[in-house]
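# Structural overview
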Amino acid sequence: MKDPADLSIPEAAMALRAGTLTSRALTEAVLSRIAVRNPKLHAFTHLASDALEQADRADAMLASGQDVGLFCGIPVAVKDLIDCAGQPATSGSRVLAGRVADADADAVARLRAQGAVLIGKLATYEFAMVGPDLALADPPARNPWNTDHITGGSSSGSAAAVAGGMIRMAIGTDTGGSIRAPAAYCGCVGLKPSYGRVSRDGAFPLSPSLDHVGPLAATVAEAALALDAMTEAMEEWRPAASLLSRGLAGLRVGFARDWFADDPQASPALVAAMDAAAAQLSLLGASIELVTLPSYGVFEAAGSVILHAEALEQHRVLMRGHAAQYGSPVLQSLAFGAAIDAKDLARARVAQGRLATAMAQAMDGVDLLIAPTTLTPALPFAAFDGETAVWTPMRTIPFNVTGQPALSLPVGFDDGLPLGMQIIGRVGDEDLICAAGHAFEQGTDHSTLQPLV
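Residues numbered from 1 in each chain as written. Predicted model: local features only at pLDDT ≥ 70, side-chain atom pairs only at ≥ 80, totals over all residues. Heavy atoms only, no water.

### A look at the packing of helix α2 (residues 23–41) against helix α3 (residues 51–63)
Any two packed helices are characterised by the angle at which their axes cross and by the distance between the axes. As a packed pair, α2 and α3 sit with axes 8 Å apart at the nearest point and diverge in direction by 150 degrees. On the basis of the axis angle, α2 is roughly antiparallel to α3. α2 and α3 meet at a crossing whose hand is right-handed. Every residue of α3 that contacts α2 at Ser23, Arg24, Thr27, Glu28 and Leu31 is listed here: Ala51, Leu52, Ala55, Asp56, Ala58 and Asp59. Residue classes in the contact of α2 with α3 are distributed as five nonpolar, two polar and four charged. (Axes fitted to C-alpha atoms, helices over the stretch in contact; angles between N-to-C directions. Helix = DSSP H or I, 4+ residues; strand = E, 2+ residues; numbered from the N terminus. Parallel < 35°, antiparallel > 145°, perpendicular 65-115°, else oblique. Left-handed = near helix turned anticlockwise from the far one by under 90°. Contact = heavy atoms within 4.5 Å. Nonpolar A, V, L, I, M, F, W, Y, C, P; charged D, E, K, R; others polar.)

Have a look at this one:
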């Protein structure tokens, strides 16, 4: 029989309702998997002491005919930037050591109301900024494909837990790529929704203009279902999972090849994987058109100014009494914010509006875009000394600047390490990008390959 920990969320939900599986048995299987794998991957920083009690409550609800949602009885995990009542909420920092959340973040509350088992908290880069910081007390999460390599961040534990087969879905945050880059580096799915679709209340803010809350999951379908379960004011948004069976026929896909193909940082394997993906999408029924997008460098510059300026504002009070407890890379990052004046920030916000308009114009004539998530596979830990921030080449922050939804999913490998592709839509088009991602996933074997952990 299939290990319950390997059941997809829809499979587990069906078995729970058929009475062939209990949430207690499922939760026990997940906890057993975590006990074996987490010592190598360091994804979980805390396990809920009441996980089995939560599972028993879900079983009781289902047994009484009280079906409160697809996630009833399903274990999920939460990035330690997001509050989960009764569990640690340290944002990966010594500054908040010992803090325990007294209430759920809105996204967590929505899942709890549907009977989800909030099984534990996951590692994050400190305050969702930069990392991995090897000087911190807790070891950083490790890549399931090669534990000598990073997961990317800041949703580091979320990606390691999902890709390492310990959990089917985890909640992360994304301000410049922090859901999508770890998903790409670890070989799972990461979905950054449209700005404002999922409430950020209860998540420690990094840059409120750019922050997003969203899922990392084992498959596109599970990510779409999780997003719908977390969506604020669902009546205002089309369900992300509503078009999963649509296929690609008739969809016009813009291929942003000039955003990366000639970049000296792009690995040859990444360029080849993206070209192969475009060809595969065409074979599956999409029409592919090369598109020219606004300069990535301009997006990165505007986004960086906004991010660092807003991050400093979030930390001014904490830094007054706790500066010595911050990690060195985070202090360096906050120092960038101190160098930004009001005029710089105002210019960046004007640029943000212009870039959103320019991106909309670039998408005229296509339904979706494809672009790489990162330009290389995950770097080795040896590239990080714990004192200096190291920036890895990504193509993610433009869609935080514009607020568009972006899905990262596996697209290939480079020397045994995963590579990721983004599928990007207009604001509110989560249904289309998930339909395209699901079709691509079903038409390739990238997502079926699993690390040996």
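### Here we look at the pairing of strand β9 (residues 368–372)
Burial of β9 is extensive: five of the five residues sit out of reach of the surface. Here strand β7 (residues 252–255) runs beside β9; their pairing, made up of three bridges, is parallel. The residue bridging valine 253 from the neighbouring strand is leucine 368, located in β9. When β9 meets strand β11 (residues 417–424), the two strands line up antiparallel, connected through four bridges. The residue bridging leucine 369 from the neighbouring strand is isoleucine 424, located in β11. (Buried < 20%, exposed > 50% of the residue type's maximum accessible area, 1.4 Å probe, protein only. Pairing = 2+ DSSP bridges.)

### Some remarks on the nonpolar core
Considering soluble globular proteins, one finds that nonpolar side chains tend to be buried as a cluster. Counting 138 residues, the largest nonpolar core has Phe71 and Trp259 as the members making the most contacts within it. Not counting the four nearest positions on each side in its chain, tryptophan 259 is found in contact with Leu293, Pro294, Ser295, Tyr296, Phe299, Met359, Ala371, Arg395, Pro398 and Phe399. Ranked by size, the runner-up nonpolar core spans six residues in total, among them Ile150, Tyr185, Ala378 and Phe381. (Core = buried A, V, L, I, M, F, W, Y, C linked by side-chain atoms within 4.5 Å.)

### Quick word on the pattern of salt bridges
Inspection of the entire model under this criterion finds 21 salt bridges. One salt bridge connects glutamate 222 with arginine 168, and the closest N-O pair in it is separated by 2.8 Å. One end of the pair, glutamate 222, is in helix α7 (residues 220–230); the other, arginine 168, is in the loop between α5 (156–163) and β4 (169–174), with 54 residues separating them in the sequence. A salt bridge links arginine 238 to aspartate 429, with the nearest nitrogen and oxygen atoms 2.6 Å apart. Remark: aspartate 429 occurs in the loop between β11 and α13 (430–443) and arginine 238 occurs in the loop between α7 and β7; sequence separation between them is 191 residues. A relative accessible area of 40% places arginine 238 in the partly exposed class. (Salt bridge = Lys/Arg side-chain N within 4 Å of Asp/Glu carboxyl O.)

### Side note on unusual backbone geometry
In this model, glycine 131 is joined to proline 132 through a cis peptide bond whose omega is 0 degrees. A cis geometry characterises the amide bond from glycine 153 onward to serine 154, with omega recorded as 10 degrees. Looking at where serine 154 falls in the secondary structure, it is placed in the loop between β3 (117–122) and α5. The phi angle at phenylalanine 127 is positive, at roughly 50 degrees, despite the residue not being glycine. Judged by relative accessible area, which is 0%, phenylalanine 127 ranks as buried. One non-glycine residue, aspartate 415, adopts positive backbone phi at about 55 degrees.

### Comments concerning helix α4 (residues 106–113)
Burial in α4 covers these residues: Ala107, Val108 and Leu111. Viewed along the axis of α4, the buried residues span an arc of 100 degrees, placing them on a single side of the element. Those residues of α4 that are buried lie in contact with β2 (75–79), β3, β4, β6 (212–217) and α7. Two residues or fewer after α4 comes glycine 115, characterised by a positive phi angle close to 85 degrees. (Arc of directions from axis to C-beta.)

### Quick word on the packing of aromatic side chains
The geometry of an aromatic ring pair is captured by the separation of the ring centres together with the interplanar angle, meaning the angle of the planes. In this structure the tally under the stated criterion is seven aromatic pairs. Note on tryptophan 259 and phenylalanine 299: the rings are 6.4 Å apart at their centroids and 85 degrees apart in plane angle, and the pair reads as edge-to-face. Of this pair, tryptophan 259 sits in the loop between β7 and α8 (268–283) while phenylalanine 299 sits in helix α9 (residues 296–322), and the two are 40 residues apart along the sequence. Tryptophan 259 sits in the buried class, given a relative accessible area of 6%. Under the relative-accessibility criterion, phenylalanine 299 is labelled buried at 0%. Connected via pairs of aromatic rings, a cluster forms that spans Trp259, Tyr296, Phe299 and Phe399. The ring of phenylalanine 381 carries arginine 142 above its face, with NZ or CZ at 4.2 Å from the centroid. (Phe/Tyr/Trp six-rings, centres within 6.5 Å; stacked < 30°, edge-to-face > 60°. Lys NZ or Arg CZ within 6 Å of the ring centre and 35° of its normal.)

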